[in-house]
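Chain residues, written in single-letter form:
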Amino acid sequence: EKLIYYFSQSNCEGNAAMRNLLGGKGANLAEMCNIGIPVPPGFTISTAVCQAYCQDNELSCDLRNEIKNYMAMLESDIGCKFGDSNNPLLVSIRSGSVNSMPGMLDTVLNVGLNDATVVGLAKKSGERFAYDSYCRFIMMYSSVVLQLDHHLFQDIVDSEQQKSGAKSLADLNVDVLKKIVNDFKEIVCEKTGKHFPQNVEEQLLNSVNAVFASWKNDRAVSYRRIHNIPENLGTAVNVQAMVFGNLNDNSATGVIFTRNPSTGEKKLFGEFLVNAQGEDVVSGVYTPMPIDGEQESTMEKLLPSVYRELCAVCEKLERHNKDMQDIEFTVQDGKLWILQTRSGKRTAEAAIRIIVDMVEEGAITKEEGILRIDPKTFDNLLHPVLDVKIDQEVIGKGLPASPGVASGYVVFSASDAEKAAEQGKKVILVRSETSPEDINGMNAASGIVTARGGMTSHAAVVTRGMGKPCICSLNGLYIGKDEKFLSMGDIKVNKGESITINGGTGEVMLGILPTILPELSQEFKTIINWVDEIKTVKVRANADTPKDAKIAKEFGSEGIGLCRTEHMFFASDRIEFIQKLIIADDENERTNALNKLEEMQKSDFKEIFSIMEGREVTIRLLDPPLHEFLPHNQSIIEKIAKSLNKSVESVKNKIAQLSEKNPMLGHRGCRLAISHPEIYGMQIRAILSAASELRKEKKIEVKPEIMIPFIMSEKEFILICELIKKEAENFDVNYSIGTMIELPRAALIADKLAKHAEFFSFGTNDLTQTTMGLSRDDSVNFLDSYKESNIFKNDPFEVLDVEGVGELIRIAIERGKKTRKEIKLGICGEHGANPQSIEFFIKSGVDYVSCSPYRVLVAKLVAAQLSI
Ligand code: PEP
Ligand code: MG
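Structural notes, computed from the coordinates.

Criteria and thresholds
Each chain has its residues counted from 1, following the order in which its sequence is written. In the order they appear in the text, chains get letters beginning with A and ligands get numbers beginning with 1. Totals for whole chains, interfaces and linings use all residues, but because this is a predicted model, local features are given only for residues with pLDDT of at least 70 and pairs of side-chain atoms are given and counted only at 80 or more. Just so you know, side-chain values use all the structure's heavy atoms and leave hydrogens and water out. Only runs of H or I of at least four residues qualify as helices and only runs of E of at least two qualify as strands under DSSP, and these elements are numbered from the N terminus. Only protein chains enter the accessibility calculation, which uses a 1.4 Å probe; a residue whose area is less than 20% of its type maximum is buried, one above 50% is exposed, and one in between is partly exposed. Contact between two residues is taken to exist if any of their heavy atoms lie within 4.5 Å; hydrogens are not considered. A 1.4 Å probe and the Shrake-Rupley method give the accessible areas. Residues count as covered only by the protein chains that appear here. The convention is simple: Lys and Arg are positive, Asp and Glu are negative, and His and the chain ends are not counted. Where a charge sits is defined by one atom per residue type, namely NZ (Lys), CZ (Arg), CG (Asp) or CD (Glu). What makes a salt bridge here is a side-chain nitrogen of Lys or Arg within 4 Å of a carboxyl oxygen of Asp or Glu, nothing more. A helix is expected to span 1.5 Å multiplied by its residue count minus one. Counted as a polar contact is a pair of N or O atoms within 3.5 Å, where, for protein atoms, one must be capable of donating a hydrogen and the other of accepting one, and residues adjacent in sequence contribute only when both atoms are in side chains. Between N-to-C directions, angles cover 0 to 180 degrees, with each direction set by a line fitted to C-alpha atoms, over the stretch in contact for helices. For classification purposes, an angle smaller than 35 degrees is called roughly parallel, one larger than 145 roughly antiparallel, one from 65 to 115 roughly perpendicular, and anything else oblique. Crossing handedness follows the turn of the near helix against the far one: under a right angle anticlockwise gives a left-handed crossing, and clockwise gives a right-handed one. Amino acid classes used here: Ala, Val, Leu, Ile, Met, Phe, Trp, Tyr, Cys and Pro are nonpolar; Asp, Glu, Lys and Arg are charged; the rest, including Gly, are polar. Strands qualify as paired when DSSP identifies two bridges or more between them. For Na, K and Ca the donor cutoff is 3.2 Å, while for all other metals N, O and S atoms must lie within 2.8 Å; water is not among the atoms, so some sites may look incomplete. Every crossover in which the path from the first strand over the helix to the second runs clockwise, viewed with the strands pointing away from the viewer, is termed right-handed.

To continue, consider the overall build of the chain. Helix and strand counts for the chain come out as 35 helices and 33 strands. Counting only C-alpha atoms and orienting by the principal axes, one finds that the chain spans roughly 105 × 60 × 50 Å. By residue count, 56% of the 868 residues in the chain fall in the buried class. Pairs at least 24 apart in sequence give 68% of the contacts found in the chain among residues at least 6 apart. Of the roughly 36,700 Å² that the chain leaves accessible, carbon and sulfur atoms contribute 48%. Looking at the chain, you have 100 positive and 120 negative side-chain charges, and the mean spots of the two groups are 3 Å apart.

The next point concerns the pattern of salt bridges. In total, this model carries 57 salt bridges according to the counting rule given. Taking the shortest distance from any N to any O, the salt bridge between D115 and K185 comes out at 2.7 Å. Of the two residues, D115 sits in the loop between strand 6 (107-111) and helix 4 (117-125) while K185 sits in helix 7 (residues 174-192), which places them 70 residues apart along the sequence. When the shortest N-O distance is used, the salt bridge between R540 and E616 registers 3.6 Å. With a gap of 76 residues between them, R540 in strand 26 (residues 538-542) and E616 in strand 28 (residues 616-620) connect regions that are remote in the sequence. Residue classification places R540 among the buried positions, given a relative accessible area of 1%. In this structure E616 comes out as partly exposed when scored by relative accessible area, which is 23%.

On to helix 7. Taking 1.5 Å as the rise per residue, helix 7 with 19 residues should run 27 Å; its terminal C-alpha atoms sit 27 Å apart, in good agreement. Within helix 7 the residues assigned to the buried category are V174, V176, L177, I180, V181, D183, F184, K185, I187 and V188. Buried positions along helix 7 lie against helix 5 (127-144) and helix 6 (150-164). Of the residues that open helix 7, the one with a side-chain oxygen 3.2 Å from the backbone nitrogen of D175 is N173.

What follows concerns the packing of helix 21 (residues 575-583) against helix 24 (residues 634-643). Packed helix pairs are characterised by how far apart their axes lie and by the angle those axes make with each other. Look at helix 21 against helix 24: their axes get within 11 Å of each other, and the N-to-C directions meet at 70 degrees. Overall, the two elements helix 21 and helix 24 adopt an arrangement that is roughly perpendicular. Classified by chirality, the crossing of helix 24 by helix 21 is right-handed. Between helix 21 and helix 24, the residues in contact are E576, Q579, K580 and I583 and I636, K639, I640 and S643, respectively. In terms of residue class, the contact of helix 21 with helix 24 is built from three nonpolar, two polar and three charged.

It is worth spelling out the sheet that holds strand 7 (residues 235-241) at this point. Strand order in this open sheet of five strands is 1-2-7-5-6, and the pairing throughout is antiparallel. Each having just a single partner strand, strand 1 (4-7) and strand 6 make up the two edges of the open sheet. On average, each strand axis in the sheet is tilted by 20 degrees relative to the strand beside it, whichever way the strands run. In the packing of helix 1 (residues 19-34) onto the sheet, contacts are made with strand 1, strand 2 (42-45), strand 5 (91-97) and strand 7, and the angle to strand 5 comes to roughly 120 degrees. Strand contacts of helix 8 (residues 200-213): strand 2, strand 5, strand 6 and strand 7, with the helix running at about 145 degrees to strand 7, the strand carrying the most contacts.

At 1.9 to 2.0 Å from the magnesium ion (ligand 2) lie its protein donor atoms, namely E742 (OE) and D766 (OD). Taken together, the positions of E742 in the loop between strand 30 (736-741) and helix 29 (744-748) and D766 in helix 31 (residues 764-772) put the pair 24 residues apart, joining distant regions of the chain. E742 gets classed as buried once you look at its relative accessible area, which sits at 2%. On the basis of relative accessible area, D766 is assigned to the buried category, the value being 2%.

A positive phi angle is found at N228, which is not glycine, with a value near 55 degrees. Of note, N228 is situated in the loop between helix 9 (218-226) and strand 7. If you check the backbone angles, F710 has positive phi at about 60 degrees while not being a glycine. In this fold, F710 is placed in the loop between strand 29 (705-708) and helix 28 (714-728).

Looking now at the sheet that holds strand 10 (residues 289-290). Pairing within the open sheet is antiparallel, and its five strands lie in the order 10-9-8-11-12. The strands lining the two open edges of the sheet, one partner per strand, are strand 10 and strand 12 (335-343). Sheet strands in contact with helix 12 (residues 304-321) are strand 8 (252-257), strand 11 (325-332) and strand 12, and its direction is about 30 degrees off that of strand 12.

A few words on the pairing of strand 30. Buried residues dominate strand 30, accounting for six of its six residues. Sheet analysis places strand 29 next to strand 30, joined by four bridges and oriented parallel. The partner of I706 across the bridge, within strand 30, is I737. A crossover connection joins strand 29 to the parallel strand 30 through helix 28; in handedness this β-α-β unit is right-handed. The pairing of strand 30 with strand 31 (residues 759-762) spans four bridges and is classified as parallel. Within strand 31, the position partnered with G738 by the bridge is F759.

On to helix 20 (residues 546-554). Restricting attention to buried positions, one finds in helix 20 the residues P546, A549, I551 and A552. Positive phi appears at G556, one or two residues downstream of helix 20, with a value of about 80 degrees.

This next bit is on the environment of T47. Mapped onto the elements of the fold, T47 is located in helix 2 (residues 47-56). Considered as a pair, T47 and F731 are 684 residues apart in the sequence and their alpha carbons are 72 Å apart. In this view, T47 contacts N20, L21, G23, V98, L233, G234, T235 and A236; residues no more than four positions away in its chain are not counted. Within the local environment of T47, its side chain forms a polar contact with the backbone oxygen of N20, the two atoms lying 2.7 Å apart.

What follows is the structure, given as C-alpha cells:
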C-alpha cells in the first residue's frame, strides 16, 4: 500500500481528485504542481496513515523508512540536505484534512534547525534571519510537540521586546535573538528534563507524530461535532520544503482571496506582511497591509512585479478550480511561492453573488451553481438587520469582518460565553484575538469582537463560516484588567452589560437594538428565478393571518398550503371570542360568539385572498385542541363570566367539564363539527362570502380549497361535505373540498376518502404523533435518550420517519390515486421544509410542500437541488 505521495513541478504523484487520500491541502498542492504553479516541493503522507495512527498511536516502521526515502528525494530535488550544517534543508509539517478545519489542527514550521544548522543557515541567509527562525521553531515545536505552554515562551519574547522597545520579533537584533534561543532551551530543559532535540530526524518524526495526534485534540473534536465532519476521515500530513517570507525586506507572506469574501465582488482581496512568516498573518497578532488600493504600503506598490505574477496565479487557480480561491503565498527574496489554495470561506451574500457572477461569466452552469448553494447559506440571508429608523449612537468602529447584527451581554472568555449560552442568554464574546481554543465559546456566542487581527484573522474566517457577525480590530478597544470591563476612550462597558454589533459595518452600539428583515439582493432574486425554473414541485406556505400571507408572498410562496383558522384567534383581543364559543352553554350563546367570529374571519380571509392574488389558498376548518384555548387565568375567567352575565363559579364548572385528559386525541378537528355543525357552517360562510365579495370588488378570482382536519372515517367526511355544499348553495363561488391525512386510519381508507375529496394534505405532525404513538408535546423529554441509544437517528418530528409514517403516506397516495387519478397532493406538517424529508416527498409524487414563510426559500432551493 502506498503511504506517501510526492509533489513538485517535475514529479507529481497526486492530483485534485485524490482529496480523500491526500486531504484538501495535499490534493490542491499536487494539482497546482500539475498546472505549473510555483509550489515548494514536498510530499503528502496520506489520510489512511492517520487512521492507522489513531489505532496504534505510533508511526509504523514502514512509514518511518518511507519518510526517509522521500526526504532523500526532496533533498536531491532542491539541492540541500536535511541536517547539513553548511546548506541545511528546512521543512514545514502541516496538517491537511479532507474537509477544511481552519486552525484546528497543528503545524510545525522550520523543522531541521539545531545549533549546527542554524550556523549554516546564518552563513547562507543572514544571522538575524537564522536566529529569528530558530526562535520561532523552538517556540512552535515546544508547544505542539513537547506540549509546553506557549506563554512560557511568549513572555520571554514580550519582555525582551519591552526592554528594547521593539514592536515584534522582527525588530529584535541578533544578540537578543541568540539570548532568547538560550532562554528557550533552558525552559525546555527545566520543564521536560531533557535538552531541546538536536537530532533532525527525531524532530521530523516527532513533528509528523504530533500533527497526526492533533486530529484528536479537544478543539478539533469540537469543530468536527459542530460541522458534522466524520471522526474517521483523519488528516493527511504535508512535509514541504520551507520558503521564507522573513528572509529580508524583499520577502513577504500573505493571504489572498480571488474575490471579496464578504461581498463577493470580483476583485482581489488580500493582506500581507513584509519580512514575516505565514503564521503572523493569520494569527491576528500583527495587523497586516492590503494587497492593493489607496494606501501607501500595498503589495502593488512595494513589490510590483511579484504582485503582477500573483494576480496571474489567482486568475489561473480560480479558472482551474471554478470557484473563488483562498490562497496562501510567500515571497522569498523576490520569488513568489504558493503554499496553499482552497475554496475560500465566504459570507452568505458573497456566496450568492459569486455563483450568479460565475454563471454569467460562463465559468459554471446554472445547475452547478444551484447545487453549490448550502441551504444554510440561504437561511443566513434572511437574518435580521438593524432598523435604520432607530437612532443608533455608534460607540466604536472596527473592521467589518463577518456581516449580520447581533446583540447580547458582553463576556470576555470562551468559557463564560458557553456558560451564558447554556442558560439561554445571548452574549457577545469580546477578546484581544481569538484562537482555535475559543471555538466552543465562539459557537455559543451570538457575535464576536476582537481588539486585534485583520480580515483574514482566525476570528474573521471562523465567524464567516458560522454565519455569525464579527468585528475585528475594534479601534481603541481596551480589555480591562481581570476582564471585568472594556473601554474605548471615555466609554466603558462592564461585563454583563449589553451591546449590539453590526458585522456588516463594523459598528458597535450600546444596548439591545431592534432589527428588521433585510431586503433581498438582485443576485438573490436571480437565484430564486433559477430555482423556480428548475424545481418540479411547488412550495407553498403555512400562513394563518394576513401578516403571514404578506411575508409568504415576499418569500416567493406559490400559495398557502395551510391556513390554521384557529390561529386567527390567537391575538389577545380575539381569544376571548373563541373561548366564549367553546364554553357556550346553549345555542343562543354559541350564535352570539359565532357571529362575532364570522365577522373577523371573513375580513381576514378577504385580506388573505387579496394578498395572494389568485394563488391557491387552502383553508382548514377549525381544529382547536381545546387545551390550547380554554382560559386558565382567574382574571380572564372573571372577565368572560362578566361579559356572559354568568357566575365565575359556573364558568369554572364548564371549563372543568370540558377539560380533557388527552386533548390531542380529544374533541378536536372535524369532531367538533359533528357535535356542533354550526361552527363549520359559520366558517364556510366566511370563506365563501369573502371570495364572492373579492371577485365583485377587486375582480380577483379565488377558488378556495376547503380542508377538513382530523378525518378518520368516510362518514365523517360525507357529513361535512354535505354541510359545505348546503352553505355553498347561497354563493356563486368555485371551491374544492379536501381532507387532511393526519390519522393512520385516514391513510388506510384513502381510496374511500378520495371518492369525495379533491385533494389530500398530509398533516405529518399529527400523522407522526398518531402513527408512532409519540406525543408532539411531551416526547422531547425522552427523545434524547432515544437518539443516544441509537433507536432514532433524528427527532421524527423534524425529519420524517420514512420507514413507518412514510409508508402510510405512500399507501394513502397509491389508494387515493386508484380512486381519483388527478387528486392533488400536498404536505403541510413541519417536515415540509426539512431537506431530507423533501427528498422523500418529491419521490412520492406530491404536487407541493407547504412550510412556514421563512422556510419557503430554503424548501424551494432544496426542491430545485433534488430536481437536478
Ligand atoms: C399536522 O398535523 O401536521 C398539521 C399540519 O396540523 P397541526 O400542526 O395544526 O395539527
Ligand atoms: Mg394536525
